[in-house]
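Listed below are the residues making up each chain.
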Amino acid sequence: MFKIAHHPIYTHPLPKGHRFPMEKYELLPQQLILEGTCSPSDFFEPDIPNDKYIVAVHDPDYFYDLLNMKIPPREARKIGFPVNEDLVLREQIIADGTMKGSEYALAHGIAMNIAGGTHHAYTDRGEAFCMLNDQAIGARYLQAKGLAKKILIVDLDVHQGNGTAEIFKDDPSVFTFSMHGEGNYPFRKEKSDLDIALKKGIKDKEYLSLLKDILPKLIKDVKPDFIFYLCGVDILETDKLGTLALTLEGCKKRDLFVLETCKKNQIAVQCSMGGGYSPDLKIILEAHANTFRVAKELYF
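Residues numbered from 1 in each chain as written. Predicted model: local features only at pLDDT ≥ 70, side-chain atom pairs only at ≥ 80, totals over all residues. Heavy atoms only, no water.

Undergrad: Explanation requested: the environment of Lys189 in the structure shown.
TA: Tracing the sequence through the fold places Lys189 in the loop between β5 (174-181) and β6 (194-198). Between the C-alpha atom of Lys189 and that of Val57, which follows or precedes it by 132 residues, the distance is 20 Å. In this view, Lys189 contacts Gln160, His180, Gly181, Glu182 and Asn184; residues no more than four positions away in its chain are not counted. A polar side-chain atom of Lys189 sits 2.8 Å from the main-chain carbonyl oxygen of Asn184. A polar contact of 2.6 Å, which involves the side chain of Lys189, links it to the backbone oxygen of Pro186. (Helix = DSSP H or I, 4+ residues; strand = E, 2+ residues; numbered from the N terminus. Contact = heavy atoms within 4.5 Å. Polar contact = N/O pair within 3.5 Å; in protein donor to acceptor, adjacent residues only side chain to side chain.)

Undergrad: Hey, could you run me through the state of the cysteines in this one?
TA: Under the counting rule described, the total for this entry stands at zero disulfides. Not part of a disulfide, Cys262 finds its nearest cysteine sulfur in Cys271, a span of 7.3 Å. Given the relative accessible area of 1%, Cys262 is considered buried. (Disulfide = S-S within 2.5 Å. Buried < 20%, exposed > 50% of the residue type's maximum accessible area, 1.4 Å probe, protein only.)

Undergrad: Whenever I open this one, helix α9 (residues 248-264) confuses me. Can you help?
TA: Spacing of three or four residues puts side chains on the same side of an α-helix, whose turn is 3.6 residues. Over its 17 residues, α9 runs 24 Å from end to end, which matches the ideal 24 Å to within 8%, given 1.5 Å per residue. All of the buried residues along α9 are Gly250, Cys251, Arg254, Asp255, Phe257, Val258, Leu259, Thr261 and Cys262. Contacts from the buried residues of α9 go to β3 (110-113), α8 (204-222), β7 (226-230), β8 (269-272) and α10 (281-299). (Expected span 1.5 Å × (residues − 1).)

Undergrad: Teacher, can you tell me more about the side chain of His6 here?
TA: Within the secondary structure layout, His6 lies in the loop between β1 (4-5) and α1 (24-34). Residue His6 is classed as buried on the basis of its relative accessible area, which comes to 18%. Of note is the side chain of His6, whose polar atom sits 2.9 Å from the backbone oxygen of Tyr25.

Undergrad: I'm lost on the side chain of His119 in this one. Help?
TA: Its place among the elements puts His119 in the loop between β3 and α6 (134-144). Residues in contact with His119, not counting those within four places in the same chain, are Cys130, Asn133, Asp155, Asp157, His159, Gln160, Gly161, Asn162, Gly163, Thr164 and Leu230.

Laid out in structure tokens, this is it:
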């Protein structure tokens, strides 16, 4: 059963000209249904999760300041969105999509979240379009319910998962792996368990060769019983916020290799979409849709 988290609140109104492509959250499900990759019954609507799962990751003062609109203006500016109650609610619901998706993944091998990948959210602050770290919350959720012990987070967004690295810096039960653009935001990197910083302009062949060398060995060494995969499509050459130079086909092959590796090793995987900032929205949608196409072909 193909299970995909999606909620109307994922598409949040932003000021005209804002650089974040919020429309993709409405258009991607439509595209997947129209082309027959997914059916309406594949989608489930997440809800507001219990606070206890959020404060297991985030500092309670920070979380309740978010809820009560008490974030200082300077900190709110770092988030990059006009912070309001609906936006905070959206982040909670995205986190629930990843939490519930992780349970669906255990049952069916894989589950997806149309949004998520909010890896710049720290324990006590938000940055760069991220306020609550959905995959970190998902990891703690699985552990709290006794559904997983050792977790691997595979972050292949072009930006380092700095918030995720900070959250789990002293926790050997969650291994953080980030392969990202060396010259990309964040300009002051945190220390993941494994960081692979890529030179500007790296293309398909070199990128895929590195990934194929690293990931199987990593899984063998870490021995995770669950994987969270952040499959950002801002690795594309067309991306206006990225420094890498992959093609659409190269990005698709990346997803294929990661998911084939998870399936081969019989490790359940939850996928959150992460970033994508190509000027042409059609390219962003095509790259994200490829992730779902690959998942459907491999697992269902």
